[in-house]
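Residue-level listing of the chains:
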There are 2 protein chains.
Amino acid sequence: MIEKLALIGIGLIGSSIARGARAAGLARTIAIATRREETLAEARALGLGDIYTTDAAEAVEGADLVILCSPVGTYETIARQIAGALKPGAIVSDVGSVKAHVIASIAPHMPDNVHLVPGHPLAGTEHSGPSAGFADLFQNRWCVLTPTEGTDPEAVETLSAFWRGLGSNVEIMEAGHHDLVLAITSHVPHLVAYNIVGTVADLEAHTQSEVIKFSASGFRDFTRIAASDPVMWRDVFLTNRDAVLEMLGRFLEDLSVLQRAVRMGDGEALEALFTRTRAIRRSIIAAGQETAAPDFGRQHGAAKPDAE
Amino acid sequence: MIEKLALIGIGLIGSSIARGARAAGLARTIAIATRREETLAEARALGLGDIYTTDAAEAVEGADLVILCSPVGTYETIARQIAGALKPGAIVSDVGSVKAHVIASIAPHMPDNVHLVPGHPLAGTEHSGPSAGFADLFQNRWCVLTPTEGTDPEAVETLSAFWRGLGSNVEIMEAGHHDLVLAITSHVPHLVAYNIVGTVADLEAHTQSEVIKFSASGFRDFTRIAASDPVMWRDVFLTNRDAVLEMLGRFLEDLSVLQRAVRMGDGEALEALFTRTRAIRRSIIAAGQETAAPDFGRQHGAAKPDAE
């Protein structure tokens, strides 16, 4: 049980932590700070915490655990703001999708007597804002912690216990390795999805309306991925540049080979790749990270298209 | 009501047509032909039709509507086999994802007294085979028909009524235009999804297992798309080469611009694209082609990952 938890930022992830912590009795007092009055009012209306403020320094006063839940690009400013208000022995963590950069932008500002334990819950939906959160978002998902060498093991264990309390499985990893794995698991897929949706947005209006009409044939799955928060994703690509470019380079090399196979009509090469990729999906289902239900378990026959 | 319906091929689509036609009383007799004894036995065990044969010519005898539901690569052979057995006035259609090539490979073999009306139901899941089908697969989905100029309007209307009976919305389109729209809506997304899963398959084993573990962060959505039938997809790329290369070219141009924005740290350009793509998704939801439920409405907290 954490005596006082401070959440800086209260979007999808922050509000899910607040709800989950409340539901599981993980924190006695929850302080919520966010820059925009409007967002704060929404959090208050939802009853997500006990203390509401637009001042991050005020929120972290006396807090045992402080979690930054705002876009990664805001971290350095927030680190400067809260540094002087942190309680000795406090744990400072975050939920950012990139870890090496986060350590570089927060660590220099932290007093010696607090414990920095960066974190990344691998969970989310394409929706944003305080209302989008829900208590079991982290249930059976992974949370990666990337403490630097020499971090107090007790602080790491306290934070691990907190995430386990939210239903997560916790994994400890080196920050740079995390960034490389996430580049191919998450960042390049998002970049590619945003890109193809952008290509469609550039088609002339008549063709674009047909693409929307016929989107069930594959395209719509990309639009879900490409509907995530723009500012969060901008920051991901600004802060994990090298790993993203490395993995994007591999992806593009492979795509050139595939493009050539299409041009040359190399059916054997195409079928071989299309068969090989099925094994990866089976592994993901076996690992409990996905449902085997067709179409993600979407309801069929439920939606009704507009009349022409 | 069709007196006799012949389905050549009885995978996901063929078996869904059989079930849907039976459920809605659209055909008095359903004849099922498939090359492999094993698949035929499966169709018989499921009770999908009234007549079962491995001989396509036998199945089409006396049939009023013949629908080819096998991979596109088999069409020319089947067209040759059935040509002599078709009843005068019969409608011959198909469900292939590519239309110009299909017309080129079937039309030359058709007798003058039958009506060729190619079709493409834009529906499916990532599963294959007779057992994967279900009666409402086509409910509220689109079925595109691409009759050539001079086709008997009555034959087009009969086939349209059949698909409407299966729950589909019918759209008439020129074959070449269909192939271009589908290249960007379906074929390039599948190629890109197969490609990124292939890139992961080439990673060293330790990293690959981490990608699988953390796949909920975006990658798993690509693996669903890349789990579709390999032979069907091989044939799509072999037969819609020009349109796929055209749209893939646009996609790659756009991706180069995006890659450069990442390299140069151009946050404004990234955020602008990421914001613009949201509008496309809203249009798709408004058009009833997708659910707005987070994560496609996947169950949260339901799946359980394997213990480490």
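Looking at an unreviewed UniProt entry, one finds chain A named prephenate dehydrogenase and attributed to Pelagibacterium lacus. As its UniProt record puts it under Sequence similarities (unreviewed entry), chain A is described as follows: "Belongs to the prephenate/arogenate dehydrogenase family." Turning to chain A, the UniProt record has this under Pathway (unreviewed entry): "Amino-acid biosynthesis; L-tyrosine biosynthesis; (4-hydroxyphenyl)pyruvate from prephenate (NAD(+) route): step 1/1."

Undergrad: Can you walk me through the side chain of Thr53(A) in this structure?
TA: Residues and elements named next belong to chain A. Mapped onto the elements of the fold, Thr 53 is located in strand E3 (residues 51-53). Classification of Thr 53 as buried rests on a relative accessible area of 6%. From its side chain, Thr 53 meets the backbone nitrogen of Asp 55 in a polar contact 2.8 Å long.

Undergrad: Would you take a moment to explain the relation of the copies chain B and chain A for this structure?
TA: For these two chain copies, the linking operation is a rotation about an axis paired with a shift along it. With an RMSD of 0.0 Å, the operation that places chain B on chain A is a rotation of 180° combined with a shift of 0.0 Å along the axis. What the rotation and shift describe, once combined, is the action of a two-fold rotation axis.

Undergrad: Explanation requested: the pattern of salt bridges in the structure shown.
TA: Side chains carrying opposite charge are able to pair once their charged atoms draw close together. Considering all chains together, one arrives at 28 salt bridges over all chains under this definition. Two residues, Glu3(B) and Arg28(B), come together in a salt bridge whose shortest N-O distance is 3.1 Å. In this pair, Glu3(B) sits in strand E1 (residues 2-8) while Arg28(B) sits in strand E2 (residues 27-33), placing the two residues 25 residues apart along the sequence. If you follow the salt bridges from partner to partner, you end up with Arg234(A), Asp235(A) and Glu271(B) in one network.

Undergrad: When you look at the state of the cysteines in this model, what are you seeing that I'm missing?
TA: Between two cysteines, a covalent bond joining their sulfur atoms is known as a disulfide. Residues and elements named next belong to chain A. Applying the stated criterion across every chain, the model contains 0 disulfides over all chains. With no disulfide of its own, Cys 69 lies 11 Å from the sulfur of Cys 143, the closest cysteine sulfur. Its relative accessible area of 0% is what places Cys 143 among the buried residues.

Undergrad: Any chance you could explain the nonpolar core here in plain terms?
TA: Judged by nonpolar contacts, the single largest core of 91 residues is most densely connected at Phe222(A), Phe251(A), Phe222(B) and Phe251(B). Sorting elements by how many residues they give to this core places helix H7 (residues 175-201) of chain A first, with 13 residues. With sequence-adjacent residues up to four places away left out, Phe222(B) is seen in contact with Pro189(A), Val192(A), Ala193(A), Phe222(A), Ile225(A), Val192(B), Ala193(B), Ile196(B) and Val197(B).

Undergrad: What am I meant to see in unusual backbone geometry here?
TA: Trans peptide bonds make up most of the peptide bonds, and negative phi angles are found at most residues other than glycine. All names here are of chain A. A positive phi angle, near 60°, is found at Asn 140, a position not held by glycine. By the secondary structure assignment, Asn 140 is in the loop between strand E7 (119-121) and strand E8 (142-145). A relative accessible area of 11% means that Asn 140 is categorised as buried.

Undergrad: Can you walk me through the pairing of strand E5 (residues 91-94) of chain A in this structure?
TA: Remember that side chains alternate between the two faces of the sheet whenever the strand is regular. Residue and element names in this part refer to chain A. Of the two faces of E5, the one carrying Ile 91 and Ser 93 and the one carrying Val 92 and Asp 94 are both buried. Two strands pair when backbone bridges link them, and strand E4 (residues 65-68) and E5 are joined in this way by 4 bridges, in the parallel orientation. Counterpart to Val 66 in the pairing with E5 is Val 92. With respect to chirality, the unit in which E4 leads through helix H4 (residues 75-83) into the neighbouring parallel E5 is right-handed. Strand direction decides the pairing type here: E5 and strand E6 (residues 115-116), joined by 2 bridges, are parallel. Paired with Val 92 across the strands is Leu 116, a residue of E6.

Undergrad: Can you walk me through the interface of chain B and chain A in this structure?
TA: Interfaces are often sized by the accessible area lost when the parts come together. Facing 115 residues of chain B, the contacting portion of chain A comprises 115 residues. Taken together, the two surfaces of chain B and chain A that pack against each other cover about 11,000 Å², and 66% of this comes from carbon and sulfur. In this structure, the connection of chain B to chain A is made through 8 salt bridges. The partner of Arg234(B) in a salt bridge is Glu271(A), and the shortest N-O contact between them spans 2.7 Å. For the interface between chain B and chain A, the tally reads 31 residue pairs in polar contact (both at pLDDT 80 or more). Secondary-structure elements contributing two or more residues to the side of chain B that touches chain A are strand E8 (142-145), strand E9 (169-172), helix H7 (175-201), helix H8 (205-213), helix H9 (219-225), helix H10 (230-239), helix H11 (241-264) and helix H12 (267-286) of chain B.

Undergrad: Teacher, can you tell me more about the pairing of E2(B) here?
TA: Residue and element names in this part refer to chain B. E2 sits mainly inside the fold: 5 of its 7 residues count as buried. Note that E1 and E2 share 6 bridges and pair parallel. Within the sheet, the bridge partner assigned to Leu 5 lies in E2 and is Ile 30. Read from E1 through helix H1 (residues 12-24) to E2, the crossover connection turns out right-handed. Taken together, the 3 bridges between E2 and strand E3 (residues 51-53) define a ladder with parallel strand orientation. Note on E3: the bridge partner recorded for Ala 33 is Thr 53. Between the parallel elements E2 and E3, the chain passes through helix H2 (residues 37-45) in a crossover that is right-handed.

Undergrad: Teacher, can you tell me more about the sheet that holds E2(B) here?
TA: Strands in a sheet are paired, the pairing made by backbone hydrogen bonds, and the direction either parallel or antiparallel. Residues and elements named next belong to chain B. The parallel open sheet is built from 6 strands, whose spatial order is E3-E2-E1-E4-E5-E6. The sheet is open, and its two borders are formed by E3 and strand E6 (115-116), each paired with just one other strand. Strands in contact with helix H4 (residues 75-83) are E1, strand E4 (65-68) and strand E5 (91-94); relative to E4, the strand with the most contacts, it is inclined by about 155°.

Undergrad: Where do I start with the packing of aromatic side chains in this structure?
TA: Within this structure, the stated rule accounts for 13 aromatic pairs over all chains. With a centroid separation of 4.0 Å and 25° between ring planes, the pair formed by Tyr194(A) and Phe274(B) is classed as stacked. Here the residue Tyr194(A) occupies a position in helix H7, and Phe274(B) occupies one in helix H12, the pair thus bridging two chains. Tyr194(A) gets classed as buried once you look at its relative accessible area, which sits at 0%. Aromatic rings pair up to connect Tyr194(A), Trp233(A), Phe237(A) and Phe274(B) into one cluster. For the cation-ring pair, Lys213(A) lies above Trp142(B), with the distance from its terminal atom to the ring centre recorded as 4.8 Å.

About the cut-offs
Residues numbered from 1 in each chain as written. Chains lettered and ligands numbered in written order. Predicted model: local features only at pLDDT ≥ 70, side-chain atom pairs only at ≥ 80, totals over all residues. Heavy atoms only, no water. UniProt positions renumbered as here; feature names shortened; annotations may be inferred. Helix = DSSP H or I, 4+ residues; strand = E, 2+ residues; numbered from the N terminus. Buried < 20%, exposed > 50% of the residue type's maximum accessible area, 1.4 Å probe, protein only. Polar contact = N/O pair within 3.5 Å; in protein donor to acceptor, adjacent residues only side chain to side chain. Least-squares fit on C-alpha atoms with pLDDT ≥ 70 in both. Salt bridge = Lys/Arg side-chain N within 4 Å of Asp/Glu carboxyl O. Disulfide = S-S within 2.5 Å. Core = buried A, V, L, I, M, F, W, Y, C linked by side-chain atoms within 4.5 Å. Contact = heavy atoms within 4.5 Å. Pairing = 2+ DSSP bridges. Right-handed = clockwise from strand over helix to strand, strands pointing away. Buried area = accessible area lost by both parts, 1.4 Å probe. Axes fitted to C-alpha atoms, helices over the stretch in contact; angles between N-to-C directions. Phe/Tyr/Trp six-rings, centres within 6.5 Å; stacked < 30°, edge-to-face > 60°. Lys NZ or Arg CZ within 6 Å of the ring centre and 35° of its normal.

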